Amino acid sequence: MPARNTVKEYRAYSFYHVYNRGAGGRAIFFDEVDRKKFLSLLQRHILPPENDGTSKYPIYNIQLAAYCLMGNHFHLLLYQEEDPHAITGFMRSVSTAYSMYFNARHKEKGHLFQGIYKASHISSDSYLLHITRYIHLNPQTYLTYRWSSLRYYLGESSPLVRHENLPSFSPDEYKQFLEEYTDRRQLLKEIKSDLAL
């Protein structure tokens, strides 16, 4: 029987919560340089280059709707468009490139990640917003944490983060939505139980 959230049969026009952590709980991001590199790899495989539109790297037909990079794990909310293999290719490209970068920079060997990433299909609008809240509330200092997409939900713009396929909300409404969940620890417990993190 496959492990929970590891079956990779993606549906077109659907959201997936994609996540992974370091092997044995190890750190996968040591500093700002590591986090910037990971974000640059996401961008490299989602956005075509600005010059002539051609890229030596594959561009996958997905959207990044939310993210959070913690010390030993990451969360991505991806919107799968037409190609049912896009998330698989995208995650393979990003994970391989980041692992090679990380091992070279930090003089490490072996597997960086715990295993293949996991992905959970988001089947309803209410659960979709719940997942964005969970992703953004991961850091204790979530309102000022630099390595999540929350600031793009609260008014800043980004070519990489697109949340137009989510239910409509204003920055003030979304901030209130975050603050409404007063028991942050219970939210994290509920989602971690769902995801078997």
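Residues numbered from 1 in each chain as written. Predicted model: local features only at pLDDT ≥ 70, side-chain atom pairs only at ≥ 80, totals over all residues. Heavy atoms only, no water.

1. Notes on the overall build of the protein
The criterion, for reference: Starting at the N terminus, helices and strands are each numbered in turn, a helix being any DSSP run of H or I of at least four residues and a strand any DSSP run of E of at least two. Only protein chains enter the accessibility calculation, which uses a 1.4 Å probe; a residue whose area is less than 20% of its type maximum is buried, one above 50% is exposed, and one in between is partly exposed. In this description, contact between two residues means that some pair of their heavy atoms is separated by no more than 4.5 Å. Working definition of accessibility: Shrake-Rupley area with a 1.4 Å probe, residue cover restricted to the visible protein chains.
For the protein, the helix and strand inventory stands at six helices and four strands. Listing every helix and strand of the protein by position from the N terminus yields β-α-β-β-α-β-α-α-α-α. Counting only residues that meet the buried cut, the protein has 49% of its 197 residues in that class. Long-range contacts, defined as pairs at least 24 residues apart, comprise 76% of the intrachain contacts of the protein with a sequence gap of at least 6. Accessible surface computed for the protein: about 10200 Å², of which carbon and sulfur atoms make up 50%.

2. Digging into the side chain of His-45
Structurally, the position occupied by His-45 is in the loop between α1 (32–44) and β2 (62–69). Taking relative accessible area as the criterion, His-45 reaches 1% and is therefore assigned buried. Setting aside residues up to four positions removed in sequence, His-45 forms contacts with Tyr-57, Pro-58, Ile-59, Tyr-60, Phe-90, Ser-93 and Val-94.

3. So, the nonpolar core
Threshold: Put simply, buried Ala, Val, Leu, Ile, Met, Phe, Trp, Tyr and Cys residues joined by side-chain atoms within 4.5 Å make one nonpolar core.
Grouped together as the largest cluster of nonpolar side chains are 59 residues, with contacts concentrated most on Leu-76 and Phe-90. Discounting chain neighbours no more than four positions away, the residues touching Leu-76 are Tyr-16, His-17, Val-18, Phe-38, Leu-42, Leu-64, Ala-66, Tyr-67, Phe-90, Met-91 and Ile-135.

4. Details of the packing of aromatic side chains
For clarity, the threshold we go by: Think of it this way: a Phe, Tyr or Trp ring, Trp meaning its six-membered ring, pairs with another when their centres are within 6.5 Å, and the plane angle makes it stacked under 30 degrees, edge-to-face over 60, tilted otherwise.
Counted according to the given criterion, the structure contains 15 aromatic pairs. When the ring of Phe-29 is compared with that of Phe-38, the centres are 5.3 Å apart and the planes differ by 80 degrees; the resulting orientation is edge-to-face. Note on Phe-29: relative accessible area 3%, which makes it buried. Measuring from centroid to centroid gives 4.9 Å for Phe-169 and Tyr-174, while their planes differ by 35 degrees, and the two rings are tilted. You can call Phe-169 buried: its relative accessible area is 18%.

5. Things to note about helix α5 (residues 171–180)
To keep it simple, the criterion reads: In this description, one arc is meant: the one made by directions from the helix axis to the C-beta atoms.
When α5 is considered as a whole, its buried residues turn out to be Tyr-174, Phe-177 and Leu-178. Down the axis of α5, the buried side of the element spans an arc of 100 degrees, and every buried residue falls inside it. Facing away from the buried side of α5 by more than 90 degrees, the exposed set consists of Asp-172 and Glu-180. Structurally, α5 contributes buried residues whose contacts are with α3 (125–136) and α4 (150–153).

6. Some thoughts on the packing of α3 against α5
Inclusion rule: Note on geometry: axes are C-alpha line fits, over the in-contact stretch for helices, and angles between N-to-C directions span 0 to 180 degrees. Each angle gets one of four labels, with under 35 degrees taken as roughly parallel, over 145 as roughly antiparallel, 65 to 115 as roughly perpendicular, and the rest as oblique. Under the convention adopted here, Pro, Cys and the residues Ala, Val, Leu, Ile, Met, Phe, Trp and Tyr are nonpolar, Asp, Glu, Lys and Arg are charged, and Gly plus all remaining residues are polar.
Their axes nearest at 10 Å, the elements α3 and α5 cross at an angle of 75 degrees. Taken together, the axes of α3 and α5 lie roughly perpendicular to each other. On the side of α3, the interface is formed by Leu-129, His-130, Thr-132, Arg-133 and His-136, while α5 contributes Tyr-174, Phe-177, Leu-178 and Glu-180. Its residues placed into classes, the contact of α3 with α5 shows four nonpolar, three polar and two charged.

7. Focus: the sheet that holds β2
Our working definition: We call two strands paired when DSSP finds no fewer than two bridges between them.
What the four strands build is an open sheet, ordered β2-β3-β1-β4; its pairing is antiparallel. With one partner strand each, in any of the chains shown, β2 and β4 (118–122) form the two edges of the open sheet. Taking each pair of neighbouring strands and ignoring which way they run, the sheet shows an average axis angle of 20 degrees. Two strands pair when backbone bridges link them, and strand β1 (residues 14–21) and β4 are joined in this way by five bridges, in the antiparallel orientation. The residue of β4 that forms the bridge with His-17 is Ser-120. Contacts from helix α2 (residues 86–106) reach β1, β2 and β3 (73–80) within the one sheet, and its direction differs from that of β3 by about 150 degrees. α3 contacts β1, β2, β3 and β4 of the sheet and is inclined by roughly 150 degrees relative to β3.

No statement about biological role is implied by the geometric values presented.
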